[in-house]
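Fold and geometry: a report
Each chain, written out:
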Amino acid sequence: MAKPILLSVDDDSDVLRAIERDLRSQYGAEYRVIGSDSPEGALDLLKQLKVRNDSVALLLADQRMPRMDGVEFLQQATGIFPSAKRALLTAYADTNAAISAINQASINYFFLKPWDPPTEHLYPQLDDLLDDWQASFRPTFQGIRLLGTRWSPRSYELRDFLARNHVPYQWIDVELSGNDPETKRLLEALGPEAANLPVVLFPDGTKLLESVPADVAQKVGLRTRAQTSFYDLAIVGGGPAGLAAAVYGASEGLHTVMIEREAPGGQAGMSSRIENYLGFPAGLSGGDLARRAVVQAQRFGVEILSQEAVGARAEGPYRIIKLADGNEISCHALMIATGVQWRRLDAPGIDRLQGAGIYYGGGATEALSCKGEIVYVVGGANSAGQAAMNFARYAERVIILVRGESLSSTMSQYLIDQVQQTPNIQLWTHASVSEAHGDTHLEEISVLCSDTDKIERVPASAMFIFIGALPRTDWLANVVERDERGFLLTGPDLLRDGQRPKGWGLDRDPFLLETNVPGIFAVGDVRHGSIKRVASGVGEGSVAVQFIHQYLSKV
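As a starting point, this report considers the structure included with it. (Residues numbered from 1 in each chain as written. Predicted model: local features only at pLDDT ≥ 70, side-chain atom pairs only at ≥ 80, totals over all residues. Heavy atoms only, no water.)

1. Quick notes on the overall build of the protein
Of the regular secondary structure elements, the protein holds 14 helices and 26 strands. Summarising its shape, the C-alpha atoms of the protein cover approximately 105 × 65 × 40 Å along the three principal directions. With 555 residues in all, the protein has 53% of them scored as buried. Long-range contacts, defined as pairs at least 24 residues apart, comprise 64% of the intrachain contacts of the protein with a sequence gap of at least 6. (Helix = DSSP H or I, 4+ residues; strand = E, 2+ residues; numbered from the N terminus. Buried < 20%, exposed > 50% of the residue type's maximum accessible area, 1.4 Å probe, protein only. Contact = heavy atoms within 4.5 Å.)

Have a look at this one:
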């Protein structure tokens, strides 16, 4: 934790050095001593300290300074750090002014110059002031702070990015906490920059205005550039399949890099509770599973890049990946484990309000914000059921909308039982969203009942969409064979009438998880015919490494 600050202000450099020396000698072990030779400069410094979320325990100012005397300075400084103790340094002739300041300006104490010896004329009184300050002191949050508004799509994007990458942060909704005095002081310290929301504040005092995840990733130390240009194995996608492949590949000696454009864990990482994963009878969250897997992968030396792959090609024995920043990585074996993305809901108002009450996926960062509200979950698969159970802990009511007549054909029985036993979860069958309404954020939705062909307009503060998923493989369109929906074809699915894929130059059939390009493999949900379960993805990622070893032995 950063030390609280003792700030002294005096335009006389000799006096300033003397008071700093004595403060540092007595209190330097517990406090950070800072000096300023002008009250205007000290006020600017205090604003910077406020933005950095530092704590100021003492403000000690000389009374006689040009342009602004000590009393005026302390009065203005109180508006920035109201809990700091305030004291004046005065000459004997200014004693009456000092006494008046104590009575009228809430100054806590005054010290006469010179104060020698400090053991008699300085430290005893300061000890009392600082003990009193410590009694009510509550340490401030020392990590990243994100200022924004709940209904801002960019604010949501940053919160989701930080949460899924397990970066601790403090969320400050400037609208919701607009009446909080501390938030007001922070916004005043930021000045005009407070208009450039979202604002990300870092402990070192730096700021990112209207920032995007890529900017934050670089600042918080997430690796965005590869350490080298060549790897034995490159994995694109950091879901369960990609993480499993990374762990097994690196543990067996392959120089491995994993490229993930959002956060390790993929869609599974957004799940609030996975209860059917082997070895965890009480279940675990997708975030916990991802965090454990990342630690395990890093332990074996896997390099994880926060980047996006935008292209791939084969050049002789090398497989080359082009990244969004223009750099390229080459490897002997390439694994595609990019999973799938939620299918878009096609209805008026949906795209306009995305990130402002309408979200695709679990929206774990939004659960607390939904306290006491009505939340809609669209979809009937396990991911929808897990999200509904999570939101039911906070929301007044959670309503699941499904097109079918029940959940039995799409959701695991254990989840159906939980949903049915949760009193504030309702299931609306034969229902679909026909329109979303709201100016700056979601306020209502129109629900079409296919049984009656009637539309009902109902209030809604948040809606989370889980209506199936499709792969994002356009970047591989001219390289790897895909099915009509974009899933990657592998192994036996590439053989037509017993013939190997066009251009296949090896004297063997493609391995079970290998694409039509030798050395490029596909695992997990992105693969045609895969079983959309976490355990299945982990299994495929693990098994694929054995095929990669066989491939590399012939390269």
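2. Brief notes about the side chain of arginine 150
One can find arginine 150 in the loop between β6 (144-148) and α7 (153-164). With a relative accessible area of 11%, arginine 150 lands in the buried category. Here the side chain of arginine 150 touches glutamate 373 through a polar contact of 2.9 Å, side chain to side chain. (Polar contact = N/O pair within 3.5 Å; in protein donor to acceptor, adjacent residues only side chain to side chain.)

3. Here we look at the pattern of salt bridges
Taken as a whole and judged by the stated rule, the model has 29 salt bridges. Arginine 457 is paired through a salt bridge with glutamate 444; the nearest N and O atoms lie 2.7 Å apart. A residue pair is termed long-range when its members are at least 10 positions apart, and arginine 457 in strand β23 (residues 454-459) and glutamate 444 in strand β22 (residues 444-449) qualify at 13 residues. Two residues, arginine 482 and aspartate 474, come together in a salt bridge whose shortest N-O distance is 3.3 Å. According to the relative accessible area criterion, aspartate 474 is exposed, its value standing at 63%. Ionic contacts of the salt-bridge type, sharing partners, join the residues Arg150, Arg159, Glu366 and Glu373 into one network. (Salt bridge = Lys/Arg side-chain N within 4 Å of Asp/Glu carboxyl O.)

4. Focus on helix α14 (residues 534-552)
Count 3.6 residues to each turn of an α-helix, and residues three or four apart come out pointing the same way. Between the first and last C-alpha of α14 there are 27 Å, a value that for 19 residues agrees with the 27 Å anticipated at 1.5 Å per step. Listing the buried residues of α14 in full gives Val534, Ser536, Gly537, Glu540, Gly541, Ser542, Ala544, Val545, Phe547, Ile548, Tyr551 and Leu552. Buried residues along α14 sit against β10 (230-236), α10 (240-251), α11 (286-299), β14 (318-323), β15 (328-336) and β26 (520-522). (Expected span 1.5 Å × (residues − 1).)

5. What to know about the packing of aromatic side chains
Counted under the stated rule, the structure contains 15 aromatic pairs. On the basis of an interplanar angle of 85 degrees and a centroid distance of 5.8 Å, the ring pair of tyrosine 27 and tyrosine 123 is categorised as edge-to-face. Note that tyrosine 27 is positioned in helix α1 (residues 13-27) and tyrosine 123 in helix α6 (residues 123-136), a separation of 96 residues in sequence. The exposure class assigned to tyrosine 27 is buried, which follows from its relative accessible area of 7%. Accessibility expressed as a relative area gives 7% for tyrosine 123, which makes it buried. Through a chain of ring-to-ring contacts, three or more aromatic side chains come together here, namely Tyr27, Tyr31, Tyr123, Trp133 and Phe137. For the cation-ring pair, lysine 219 lies above phenylalanine 202, with the distance from its terminal atom to the ring centre recorded as 5.5 Å. Above the ring of phenylalanine 300, the side-chain terminus of arginine 299 is found at 5.0 Å from the ring centroid. (Phe/Tyr/Trp six-rings, centres within 6.5 Å; stacked < 30°, edge-to-face > 60°. Lys NZ or Arg CZ within 6 Å of the ring centre and 35° of its normal.)

6. Quick notes on unusual backbone geometry
A cis amide bond, omega -5 degrees, links lysine 113 with the succeeding residue proline 114. Of the consecutive residues leucine 197 and proline 198, the connecting peptide bond is found in the cis state with omega at -5 degrees. Phi at arginine 67 takes a positive value of approximately 75 degrees, unusual for a residue other than glycine. By secondary structure assignment, the location of arginine 67 is in the loop between β3 (56-62) and α3 (70-78). Taking the relative accessible area as the measure of exposure, arginine 67 reaches 67% and is therefore exposed. The phi torsion at aspartate 453 lies on the positive side, around 60 degrees, for a residue other than glycine. With respect to the element layout, aspartate 453 can be found in the loop between β22 and β23.

7. Side note on the sheet that holds strand β8 (residues 199-201)
If you trace the 4 strands from one edge of the open sheet to the other, you get β7-β6-β8-β9, paired in mixed fashion. Because the sheet does not close on itself, it has two edges, and the strands there are β7 (169-173) and β9 (207-209). Mean inter-strand twist for the sheet, computed between neighbouring axes without regard to direction, equals 15 degrees. (Pairing = 2+ DSSP bridges. Axes fitted to C-alpha atoms, helices over the stretch in contact; angles between N-to-C directions.)

8. A closer look at the nonpolar core
Among the nonpolar cores identified, the biggest contains 49 residues, and Ile350, Tyr376, Val398, Leu401, Ile445 and Met463 are the most heavily contacted of them. Contributions of two or more residues to this core are made by β17 (358-360), β18 (374-378), α12 (382-391), β19 (397-401), α13 (413-421), β21 (431-437), β22 and β24 (462-465). The residues contacting valine 398, other than those within four sequence positions of it, are Val375, Val377, Ala388, Phe391, Ala392, Asn424, Ile425 and Gln426. (Core = buried A, V, L, I, M, F, W, Y, C linked by side-chain atoms within 4.5 Å.)

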